[in-house]
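Letter by letter, the chains look like this.
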Amino acid sequence: MTPGTPQTTPAPAVGTVGTDAGEARVTWHPAHGDARLVLALGHGAGGGIEARDLRALAAALPAHGITVALVEQPWRVAGKKVAPAPKTLDTGWRGVWPGLAEPGLPVISGGRSAGARVACRTATELGARAVLALSFPLHPPGRPEKSRAAELLGAGVPTLVVQGGNDPFGRPAEFPDGPHELVEVPHGDHGFAVPKRADLTQDEAVAVVTDAVARWAGGLA
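Computed from a predicted structure; not experimentally measured.

1. Digging into empty space enclosed by the protein
Part 1 of the reasoning: Going through the model one piece at a time under the given rule, you end up with one cavity of 30 Å³ or more.
Part 2 of the reasoning: If you trace the largest cavity, you find it lined by Gly42, His43, Gly44, Ala45, Gln73, Trp75, Ala83, Leu89, Trp93, Ala114, Gly115 and Val118.
Part 3 of the reasoning: When residues of the lining of the largest cavity are traced back to their parent elements, those giving at least two are α3 (86–101) and α4 (114–126).
Part 4 of the reasoning: The leading source of residues in the lining of the largest cavity is α4, at three residues.
Part 5 of the reasoning: Class assignment of the residues belonging to the lining of the largest cavity gives a composition of seven nonpolar, five polar and no charged.

2. A closer look at the side chain of Arg117
Part 1 of the reasoning: Mapped onto the secondary structure, Arg117 falls in helix α4.
Part 2 of the reasoning: There is a polar contact of 2.7 Å between the side chain of Arg117 and the side chain of Glu151.

3. Concerning helix α1 (residues 52–60)
Part 1 of the reasoning: Looking at α1, one finds that the buried residues are Asp53, Leu54, Ala56, Leu57 and Ala58.
Part 2 of the reasoning: Buried residues belonging to α1 abut β2 (22–29), β3 (37–42), β4 (66–72), β5 (107–112), β6 (130–134) and α6 (202–218).

Conventions we followed
Residues numbered from 1 in each chain as written. Predicted model: local features only at pLDDT ≥ 70, side-chain atom pairs only at ≥ 80, totals over all residues. Heavy atoms only, no water. 1 Å grid on protein atoms, 1.4 Å probe; cavity = no way out; pocket = protein on both sides within 12 Å on 5 of 7 lines; lining within 4 Å. Points joined across faces, edges and corners; volume = space filled by probe spheres on them. Helix = DSSP H or I, 4+ residues; strand = E, 2+ residues; numbered from the N terminus. Nonpolar A, V, L, I, M, F, W, Y, C, P; charged D, E, K, R; others polar. Polar contact = N/O pair within 3.5 Å; in protein donor to acceptor, adjacent residues only side chain to side chain. Buried < 20%, exposed > 50% of the residue type's maximum accessible area, 1.4 Å probe, protein only. Contact = heavy atoms within 4.5 Å.

Nothing here speaks to function; it is all geometry.
Here it is, written out as structure tokens:
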């Protein structure tokens, strides 16, 4: 490359993967230069890979030597509106894992909401290097007695939780102590949206997410 020439950003690559739960889809955002990690991110039960945090991580982390793979579960690929049972989500995630690991790099298993639960439940079994839990749904809104803390605490690998300060599925103060790091997005809801009256902008809130993940992942490789 001629000195002073800007580095070209690799274009995303999209592929489909057959699983026992149906056909999944993976959108690869390659690292700029030599990759040192793969970050696989699954979506939640109420949306897909267009979520603001997933898109932001896919845009920001390749510059840090991290290839980001956005995984669409088979139910989304099939156009269904309602997510299946957790067992079926785990089956879909297991089915895409060999392709995620194929580059031969350590793989961070991650996702938002329901996708974070999948990552926690399967991390040890699949040999994940770590888990990234975005907006982990600690409990259904208004139902703190229905705790899912055991899934998070049982991940068995280094885990980063990034949680909105006003997430009705579990505010940061509700999380139990455990072998995980927790970063709060001030004023953020379950999708990391912040109100206009907040003392940080929406872009700043998203930057809390990307900066925290880049810093944490930098200590893993």
